[in-house]
Each structure stands twice: as structure tokens, then as C-alpha cells.
Amino acid sequence: MTSPASPLLFTPLRLREVALRNRAMLSPMCTYSATDGLASEWHLAHLAQFALGGFGVVCVEATAVTEQGRITYGDVGLWSGAHVAPLARIAATVRRHGAVPAIQLAHAGRKASSQRPWHGMGPLTAADAAARNEPPWPTVAPTPEPMDAGWHVPQALDVADIRALIAAWRDAAARARDAGFDIVEIHGAHGYLNHQFLSPLVNRRNDSYGGDRAGRMRFPLEVAEAVRAEWPSDRPVFCRISSVDGIDGGWDLDDSVALARELNSRGIDAVDCSSGGVVGSAVARAVPRGLGYQVPFAARIRREAAIATIAVGLILTGPQAEQILQNGDADLVAIAREALYDPYWPRHAAQALGAEGFADWPHQYGWWLDKRDATLRRLRGE
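Each value, and the rule that gives it
Residues numbered from 1 in each chain as written. Predicted model: local features only at pLDDT ≥ 70, side-chain atom pairs only at ≥ 80, totals over all residues. Heavy atoms only, no water. Helix = DSSP H or I, 4+ residues; strand = E, 2+ residues; numbered from the N terminus. Buried < 20%, exposed > 50% of the residue type's maximum accessible area, 1.4 Å probe, protein only. Contact = heavy atoms within 4.5 Å. Areas by Shrake-Rupley, 256 points an atom, 1.4 Å probe, with all protein chains shown as cover. Lys, Arg positive; Asp, Glu negative; His and termini not counted. Charge placed at Lys NZ, Arg CZ, Asp CG, Glu CD. Phe/Tyr/Trp six-rings, centres within 6.5 Å; stacked < 30°, edge-to-face > 60°. Lys NZ or Arg CZ within 6 Å of the ring centre and 35° of its normal. Expected span 1.5 Å × (residues − 1). Core = buried A, V, L, I, M, F, W, Y, C linked by side-chain atoms within 4.5 Å. Axes fitted to C-alpha atoms, helices over the stretch in contact; angles between N-to-C directions. Parallel < 35°, antiparallel > 145°, perpendicular 65-115°, else oblique. Left-handed = near helix turned anticlockwise from the far one by under 90°. Nonpolar A, V, L, I, M, F, W, Y, C, P; charged D, E, K, R; others polar. Salt bridge = Lys/Arg side-chain N within 4 Å of Asp/Glu carboxyl O.

### What about the overall build of the chain?
Alright, step 1. In terms of regular secondary structure, the chain is built from 12 helices and 13 strands.
Alright, step 2. Viewed in the frame of its principal axes, the chain has a C-alpha envelope of about 70 × 50 × 40 Å.
Alright, step 3. Across the 382 residues that make up the chain, the buried fraction comes to 58%.
Alright, step 4. Of the contacts made within the chain by residues no fewer than 6 positions apart, 72% connect residues no fewer than 24 positions apart.
Alright, step 5. Accessible area of the chain: about 15,100 Å², with a carbon and sulfur share of 53%.
Alright, step 6. Measuring between centres, the 38 positive side-chain charges of the chain sit 3 Å from its 41 negative side-chain charges.

This is the structure:
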């Protein structure tokens, strides 16, 4: 999908031995629509449209590495072999339509056992059990403080628990490999378990998994090592982080640069630069929002940690995305809610950047759309 000006957004990119047709990535977005962690026809139809829409990478939503690690009862999972086949169908479909299939692996930690957003987004209670047979379940975290008033009090993880969770991440990565994904992303952002270990606002441990920054980074880095060791050497591993907590005394951008350097040294290929979420929901606005508000995080991490970055957050148009790439602020751009509004975002972005006609669209559409344009031109007297 190129124009005469050859925008960087539509220049192919190779990460290890995986070739991306362009630099546009569908950001992983929870849809809370699985049953027992199993992806369904909904997930297949939902994700296939973005491959048809022209994205270079299509990433499956946060996928729980343990049953306990789900955010809600509707989360996709990979904690058992039963989860592989439905996800394999999605990976194959996405690939067949030209995109690289990716999957994000996650554990919610103390933000688990939550209601789906349309049921309130709060902690599950007895009322949820009565209304929908969705009782609360025990949660875990680095320390036993709840996320907020009224939330579940998590069990503090001991070292044996931590070892078991690292093994769960490794096993989930193996299942993702067996399902045919080309990229795996570790979710270390938005106040979920890995972020809970990183943030001094949450992690008040006094053992080797807490204390100073090196101690707080230990668990996320051990997860990264385990996933990288399990993942094929010719395929990339991404890591999403909250670049800043946006709260005084919290994780900051200096910390993220240090973390990115450590991730780079462990073979992680790109850092997906989000922010916030350590307190409240993943969409809580601790960080002020404006167009491209997280791009400066991606730019500094890319520059100072010498690692590829992914810019995400209120990137709305093709020209905006192109400018991010041309400035050297990121290597890919991830599109989230704007893609829900327009699943053909990359194809419309290409037109906004100068592409003419519909030759790069699926031919089943392009043939008709060319005729549509000819009819509209005739009606306008052109």
C-alpha cells in the first residue's frame, strides 16, 4: 500500500525474520467477550476486519496467562491447551489476509476479579454472582494493598508464587507459538501485575523483588527472559509499558529508559509506550491527554535506550502517524479506538497521504469502489 511519495508509514519493516507490510499496528484492546478464556466467532470476525483493513500487525487483546490473572470473566486466555485451537484459527485468518498475527500476554494482578466495563468496571461482588453467576475470585499482587477503597485485598506473592507465574508466562508463550502467532507482546502496563511490581506506589516489598528500581524490575525482567527463551529466535517479542505513572512518587520516564535498556539487553525487540493505570481503571486519566500525548515517551525511549518503539495514544490520521515516523519518534504506530471507528484506517490513511484509487484494497472491494468513484465524478460533472 504505497503512494508515489512512498510514505514511511507504508514502507515495509522487518523485525528479526518477520516482515510487516507497513508500520501500522492494531493495538491490543480488550473486548471482554470470551467464555472460559476461549476465543469465539466474535474474536475471529473482530480481528479479521483489521487485516482486511490493511494493518501491518493485528494484535489479539490481553490474553491471561492464568485463570486467576484475568481482568474479567470475559478475558481471552492461554492457560491451557484448550485455548490454542480457537486462537490458531484467528492467527491463520489474519495472516491469510496480509497482516502479521500478534498476541498480548497478560496477568491482571490486583486488578483481576473485575466487572466488565458495561457492568460497572468495579470489583466483582456477591451482586454479580447473583445477577450473572460471576462471583469474585482471589487476587494476587506484590503486596497485600488493594488498588483502591472497596477493591479486593490481594494475596502477596511469595517467591514460590513468583516462580510459578514466570513458568505460566513461559507456558503461555509456548501455546501462542503453537497457535501460529508471529509476535508476542508482554503486557507490563496499565496497572496490571508487571506494572505493579515496577511502580513504587504499589511495590513496597523489602525482598529481592522490591526495594530499589533494580529490585522492582526483577520480576518483569524475569518474565521477559522466560518469554524470550521460549519464543522462536526468528520472531520478535514486544513489551508494553506504562512509561509514566503520572502520579507524584511513581514510576517515571527515567525509570522507563532504564527498563527499556534492560529489556533490550534481554532480546526484547520493541517497547510499546503507553502510560498510567496504576491506580483506577486502565483508562483512568492520570496522564493529561491530547493528540499523540504519549509520542514523547516513545521518542525518548527510542533515542536513549537504542530500542525500537511503538507510539500509541490519540493517533488519529495518516498524516499525524507519518509525521511521528518521519521525526524518528517511533518505529511503528499503534491504532486503538480510532480503528474501532474505522477498521480500514490504514487504507484511508494511505489515501490521505496521496494514494489514488483502490488498487491496494481487497480486489473484492476495490473493483466496486473504483466504479463508485467514477460514478461520483460523473455526478459532480468532473
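Okay, back to it.
### Considering the packing of aromatic side chains
Alright, step 1. Evaluated as defined, the whole model comprises 9 aromatic pairs.
Alright, step 2. Here the aromatic rings of Tyr-73 and Trp-137 are separated by 5.0 Å at their centres, their planes lie at 85°, and the arrangement is edge-to-face. Of this pair, Tyr-73 sits in the loop between strand S4 (57-64) and strand S5 (76-77) while Trp-137 sits in the loop between helix H3 (126-132) and strand S7 (140-141), and the two are 64 residues apart along the sequence.
Alright, step 3. On the numbers, 6.0 Å between centres and 35° between planes, the contact of Tyr-344 with Tyr-365 is tilted. With Tyr-344 in the loop between helix H10 (337-341) and helix H11 (345-352) and Tyr-365 in helix H12 (residues 363-379), this pair connects stretches of sequence that are 21 residues apart.
Alright, step 4. The partly exposed category is assigned to Tyr-365, whose relative accessible area is 39%.
Alright, step 5. One aromatic cluster is present, built from ring pairs that chain together Tyr-344, Phe-358, Trp-361 and Tyr-365.
Alright, step 6. The ring centre of Tyr-192 lies 5.1 Å from the NZ or CZ of Lys-111, which sits over that ring.
Alright, step 7. Looking at Arg-218, its charged tip hangs above the ring of Tyr-209, at a distance of 4.1 Å from the centre.

### Overview of helix H2 (residues 84-96)
Alright, step 1. With 13 residues, H2 extends 18 Å from end C-alpha to end C-alpha; this agrees with the ideal 18 Å at 1.5 Å per step.
Alright, step 2. Taken together, the buried positions of H2 are occupied by Val-84, Leu-87, Ile-90, Ala-91, Thr-93 and Val-94.
Alright, step 3. After H2 finishes, the residue Gly-98 shows a positive phi value of roughly 95°.

### A few points about the nonpolar core
Alright, step 1. Counting residues in each nonpolar core, the largest one holds 86 residues, and the members touching the most others are Leu-9, Leu-87 and Phe-219.
Alright, step 2. Ranked by the residues each element gives to this core, the list is headed by helix H4 (residues 159-178), at 8 residues.
Alright, step 3. Residues within four places of Leu-87 in sequence aside, it is in contact with Ala-39, Val-60, Val-76, Gly-77, Leu-78, Ile-103, Ala-179 and Phe-181.
Alright, step 4. Judged by nonpolar contacts, the second largest core, of 17 residues, contains Leu-13, Ile-310, Val-312 and Ala-334.

### Some thoughts on the packing of helix H7 (residues 253-265) against helix H8 (residues 295-305)
Alright, step 1. Across the interface, H7 lies against H8 with an axial gap of 9 Å and an inter-helix angle of 50°. If you check the angle between H7 and H8, you find them oblique. In terms of crossing hand, the pair formed by H7 and H8 is right-handed. Between H7 and H8, the residues in contact are Leu-253, Asp-254, Ser-256, Val-257, Ala-260, Arg-261 and Asn-264 and Phe-297, Arg-300, Ile-301, Glu-304 and Ala-305, respectively.
Alright, step 2. Here the residues of the contact of H7 with H8 sort into 6 nonpolar, 2 polar and 4 charged.

### Structural notes on the environment of Tyr-32
Alright, step 1. Within the secondary structure, Tyr-32 sits in the loop between strand S3 (24-26) and helix H1 (41-52).
Alright, step 2. Sequence separation between Tyr-32 and Gly-74 is 42 residues, and the spatial gap between their C-alpha atoms is 4.0 Å.
Alright, step 3. Aside from chain neighbours lying at most four places away, what touches Tyr-32 is Glu-61, Thr-72, Gly-74, Asp-75, Arg-116, Pro-117 and Trp-118.

### Things to note about the pattern of salt bridges
Alright, step 1. Counted according to the given criterion, the structure contains 26 salt bridges.
Alright, step 2. Between Glu-185 and Arg-240 there is a salt bridge, and its shortest N-O distance comes to 3.9 Å. Of the two residues, Glu-185 is situated in strand S9 (residues 183-188) and Arg-240 in strand S10 (residues 237-242); the sequence distance between them amounts to 55 residues.
Alright, step 3. A salt bridge links Glu-262 to Arg-266; the nearest nitrogen and oxygen atoms lie 2.7 Å apart.
Alright, step 4. Glu-262 sits in the partly exposed class, given a relative accessible area of 30%.
Alright, step 5. Connected through shared salt-bridge partners, Arg-116, Asp-128, Arg-132 and Glu-134 make up one network.

### Regarding the side chain of His-46
Alright, step 1. Looking at where His-46 falls in the secondary structure, it is placed in helix H1.
Alright, step 2. His-46 gets classed as buried once you look at its relative accessible area, which sits at 6%.
Alright, step 3. Leave out the neighbours within four places in its chain, and His-46 touches Thr-31 and Leu-340.

### Overview of the packing of H1 against H2
Alright, step 1. Remark: H1 packs on H2, axes separated minimally by 9 Å, with the N-to-C direction vectors making an angle of 20°. Relative to H2, the element H1 lies roughly parallel. Pair H1 / H2 crosses with right-handed handedness. Contact residues: H1 offers Glu-41, His-43, Leu-44, Leu-47, Ala-48 and Ala-51, while H2 offers Arg-89, Ile-90, Thr-93 and Val-94.
Alright, step 2. Of the residues that constitute the contact of H1 with H2, the class distribution is 6 nonpolar, 2 polar and 2 charged.

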